[in-house]
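Survey of secondary and tertiary structure
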Amino acid sequence: MPKKSAKKKNEAPAGGTPEKDRVEPKLRQRLAGSSRTGGATEKKRPTESAGSSSTLTQEEDGEEEESDDRTKQPPHIPGFVVRKLVGFSLLLLIAPIFVYFASLKYAFVGSTAASAITAVVAANLVLASWVYAAWAEGE
């Protein structure tokens, strides 16, 4: 039985070019396309992974452009908005169940269909009141 030879790292796969030769033209195209940005030159930045490279634009006077930190932060959500969302979510969970069992026991004794309809109406009332509260908050 013939022994299989171990492939070298840059050896071409069967019927093709080495992986290094396939990646470099794409990288050259990307760098050539991004250098048309109006005078900014590209400077290679070392990265942690050996397989990827990222670039940093540099102005002609030698100073690096600073990115806006505000774009990287998540939007600020006020606390009352979160409390209102949690409150309506709990109400949407509890109200239909409570209305179903209350109407099954007191209003429509033994009629599950009528009790289910009242539970659906209760859920829709909770949703409509949440929409109204959100709309009124915007004014």
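About the thresholds
Residues numbered from 1 in each chain as written. Predicted model: local features only at pLDDT ≥ 70, side-chain atom pairs only at ≥ 80, totals over all residues. Heavy atoms only, no water. Salt bridge = Lys/Arg side-chain N within 4 Å of Asp/Glu carboxyl O. Helix = DSSP H or I, 4+ residues; strand = E, 2+ residues; numbered from the N terminus. Buried < 20%, exposed > 50% of the residue type's maximum accessible area, 1.4 Å probe, protein only. Expected span 1.5 Å × (residues − 1). Contact = heavy atoms within 4.5 Å.

Here's the deal with the pattern of salt bridges
Scanning the model with the defined rule gives one salt bridge in all. For Glu137, the salt bridge is made with Lys84, and the minimal N-O distance between the two is 2.8 Å. Linking Glu137 in helix H3 (residues 112-138) with Lys84 in helix H2 (residues 79-107), this pair joins segments that are 53 residues apart in sequence. Under the relative-accessibility criterion, Glu137 is labelled partly exposed at 37%.

Thoughts on H3
End to end, H3 covers 40 Å across 27 residues, agreeing with the expected 39 Å (1.5 Å per residue, within 8%). Where H3 is concerned, the buried positions are Ala114, Ser115, Ala119, Ala122, Ala123, Val126 and Ala133. The inward-facing, buried residues of H3 abut H2.

Comments concerning the environment of Val121
Residue placement: Val121 occurs in helix H3. Among the residues examined, Val121 registers a relative accessible area of 45% and is labelled partly exposed. Taking the C-alpha atoms as reference, Val121 lies 9.4 Å from Val99; in sequence the two are 22 residues apart.

This is a description of form; function is not addressed.
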